Amino acid sequence: MASNSSHIDTLLLHSGIAEFNPKTEAAPVALPSIRTSTVRFANMEAHDRAMQARGRGERAVTYGRAGMDTHAALEQVFCDLEGAHRAFLAPSGLSAITLAFLALLNSGDHVLVADCVYGPVRYLDKIVLGRMGIEVEYCRATPEALESRVRPNTRMLYIESPGSLLFEMLDIPALAEFAQRHGLVLVDDNTWGAGYVYKPLGLGVDVSVVAGTKYIGGHSDLMLGAVMAKDPELARRINETHYAMGYSISADDAWLALRGVRTLPLRMRQHAANALEVCEFLAKRPETVRIFHPAYHGDPGHELWKRDCLGSNGMLAVELALNNQQARRFVDALELFSIGYSWGGFESLTQLVEQSALKLHGYWQDSGADRSVVRLHVGLEDTRDLIADLQQALEAASAG
Ligand SMILES: *Cc1c(COP(=O)(O)O)cnc(C)c1O
């Protein structure tokens, strides 16, 4: 067993391995998927101990919804990654976001939300939060822009760094200082960092949310979310709502996530290296207007990225001097990059970003000309093939 002082790459390989069977003194390496709907106890004393622990808000196994060893091992992995006190599993990234909002806000509260957040957060606001009397206000996430928006009933600041679509780096330590000064809970969507290349809880964030669907799982075969808190009081509030809402994930998905996370460090390094090679290629193309990727030297967020991040990943966006029709031809001509939402799996993906979505982002500078933004997830394929694919597709876009 790795000790708590081990480096994270070591912890990820030794955390949650199967224990020895006391009779055979043998064990498999990987913890099996422990599927169960309920839990049985050896005697009443064991039952009462578990119930009392649950009552104190500790992680205790009293019923199938909380999951057993497979779930506990995955929660420990999320705590190790994020430097959290507790982690709570949710059936998708979006449901983890919902959990954070519902656990930390009450009717009549006002919440400030970075305008660069994952799009469906706005849908959660429109369909659920508004109806519950929680008022959401979107804003550029800088202390200067936010200062005048704080009201007596503002309770939370919700951010995502780097931002969805254009990957603008936020100054998390400055935002944490701002949140603390105004008594706001700071919640950050850390799906980009996956707890591995960005450690928001260490930079002053109170609650970190991760879509494990992306780099944690890493193989495009499961849906998963997690909410992490470092403060026991915040963890208590999330725990209660998590229990009350009946959140539960399948043991098989927890098992797949554990299996995926073993190779997270290797995958992240390779995605990041591949994405930088793609940036270098795109920078030389006449169609390229601007590259959005904080690990790339030309990005305005590069200095913040160097200061706050430990690495990068395969996500980038590129503004191309192509009109919508040409951009659609470009995306259609790509063969190795499939058209699809999501990212974080082994494979390359692309998505043509809607102008209406860009307009919601204060960071976006609309040049008014015939321009298109394409988002790429650079996968683990050989970059020579990926670059050849991009090259032929750019040529196909301009021809005709
Ligand atoms: C994908 C994503 C989510 C939602 O995760 P799902 O598991 O797809 O629900 C949340 N935040 C970010 C930044 C994402 O990219």
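Quick caveat, the model's predicted, so the values are computed rather than measured. (Residues numbered from 1 in each chain as written. Predicted model: local features only at pLDDT ≥ 70, side-chain atom pairs only at ≥ 80, totals over all residues. Heavy atoms only, no water.)

Describing the sheet that holds strand β8 (residues 288-292)
Now for step 1: Taken in spatial order, the five strands line up as β8-β9-β12-β11-β10 in an open sheet, and their pairing is mixed. The sheet is open, and its two borders are formed by β8 and β10 (338-339), each paired with just one other strand.
Now for step 2: Where β10 and strand β11 (residues 349-352) come together, two bridges link them in parallel fashion. Looking at the pairing, Ser 338 lines up with Leu 349 of β11. (Pairing = 2+ DSSP bridges. Helix = DSSP H or I, 4+ residues; strand = E, 2+ residues; numbered from the N terminus.)

Side note on the pairing of strand β5 (residues 185-189)
Now for step 1: Burial runs high along β5: five of the five residues are buried.
Now for step 2: Burial of the side chains of β5 extends over both faces: Val 185, Val 187 and Asp 189 are buried on one face and Leu 186 and Asp 188 on the other.
Now for step 3: Pairing between strand β4 (residues 154-160) and β5: five bridges, direction parallel. Considered in β5, the bridge of Tyr 158 is made with Val 187.
Now for step 4: As defined by bridge partners, β5 adjoins strand β6 (residues 207-211) across three bridges and the pair is classed as parallel. Of the residues in β6, the one forming a bridge with Asp 188 is Ser 208. (Buried < 20%, exposed > 50% of the residue type's maximum accessible area, 1.4 Å probe, protein only.)

Some points on the site of the ligand
Now for step 1: Residues in close proximity to the ligand total 14 residues, the closest being Gly 93, Leu 94, Asp 189, Thr 213 and Lys 214.
Now for step 2: One of the backbone N or O atoms of Leu 94 is found 2.9 Å from an oxygen atom in the ligand.
Now for step 3: The separation between an oxygen atom of the ligand and a polar side-chain atom of Lys 214 is 2.6 Å.
Now for step 4: For the ligand, the accessible surface in isolation is 380 Å², of which the surrounding protein chains cover 92%.
Now for step 5: Ranked by the residues each element gives to the shell around the ligand, the list is headed by helix α4 (residues 93-104), at three residues. (Near = heavy atom within 4 Å. Polar contact = N/O pair within 3.5 Å; in protein donor to acceptor, adjacent residues only side chain to side chain. Areas by Shrake-Rupley, 256 points an atom, 1.4 Å probe, with all protein chains shown as cover.)

Overview of unusual backbone geometry
For residues other than glycine, phi is negative in most cases, and the peptide bonds are mostly trans.
Now for step 1: Between Ser 161 and the following residue, Pro 162, the backbone shows a cis peptide bond with an omega angle of -10°.
Now for step 2: By secondary structure assignment, the location of Pro 162 is in the loop between β4 and α7 (172-181).
Now for step 3: Even without being glycine, Ser 220 reaches a positive phi, approximately 55°.
Now for step 4: The residue Ser 220 is located in the loop between β6 and β7 (225-229) in this model.
Now for step 5: The backbone of Ser 342 sits at a positive phi, close to 70°, despite the residue not being glycine.
Now for step 6: Along the chain, Ser 342 turns up in the loop between β10 and β11.
Now for step 7: Here Ser 342 falls in the partly exposed class, since its relative accessible area comes to 31%.

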